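Notes for the structure review
Each chain, written out:
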Amino acid sequence: MNKMKTKTTFLILFLFSAVLLSSCRSSRGTRQQRQAYQMEDQMKEDSEKASAEYRQHQYDIQAEKTQEMMKKSKKRNKQLKDRNREPFFKRIFGKKRSKGCNGN
């Protein structure tokens, strides 16, 4: 009788955990929602590509001295930005947020 209870409780726990795991996977959305997300991602990629092309065009039409100045300025800004960055180990082992089913 005692073995029967343990088997039953194990079976119930197993089914309950399977239901919880499947609930996270079922939140993927419908096919239309996934297609909408894909189209949104594609639009973001296209706009980023267009802005990068525009930036390159603006750089190309400048005079050589201006291009040199822009290059130096970009390098200096990168150095300043890196200086304010957190150390490697703090970024890796620092505060971590727990992720839910959707990865948020």
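Residues numbered from 1 in each chain as written. Predicted model: local features only at pLDDT ≥ 70, side-chain atom pairs only at ≥ 80, totals over all residues. Heavy atoms only, no water.

Judged by side-chain polarity, Phe10, Leu11, Phe14 and Leu15 come together as a nonpolar surface patch covering roughly 460 Å² of accessible area. By the element assignment, Phe14 lies in helix 1 (residues 2-25). (Patch = residues over 30% accessible without salt bridge, like charges linked within 9 Å, V, L, I, M, F, W, Y side chains within 5 Å. Areas by Shrake-Rupley, 256 points an atom, 1.4 Å probe, with all protein chains shown as cover. Salt bridge = Lys/Arg side-chain N within 4 Å of Asp/Glu carboxyl O. Helix = DSSP H or I, 4+ residues; strand = E, 2+ residues; numbered from the N terminus.)

Take the pattern of salt bridges next. A side chain of one charge can pair with a side chain of the opposite charge if their charged atoms are brought near each other. The full count for this structure, using the stated rule, is one salt bridge. With its nearest N and O atoms 3.9 Å apart, the salt bridge here joins Glu40 to Lys44. Taken together, the residues span about one helical turn, with Glu40 and Lys44 both in helix 2 (residues 31-60) at a distance of four residues.

Summing up the model confidence of the protein chain, the mean pLDDT is 83 and the portion of residues at 70 or higher is 81%. Taking the mean pLDDT of every element in the protein chain, the minimum, 71, falls on helix 1 and the maximum, 94, on helix 2. (pLDDT = per-residue confidence, 0-100.)

Looking now at the packing of aromatic side chains. Tallied over the full model, the rule gives two aromatic pairs. Of the aromatic side chains, those joined through ring pairs into one cluster are Phe88, Phe89 and Phe93. (Phe/Tyr/Trp six-rings, centres within 6.5 Å; stacked < 30°, edge-to-face > 60°.)

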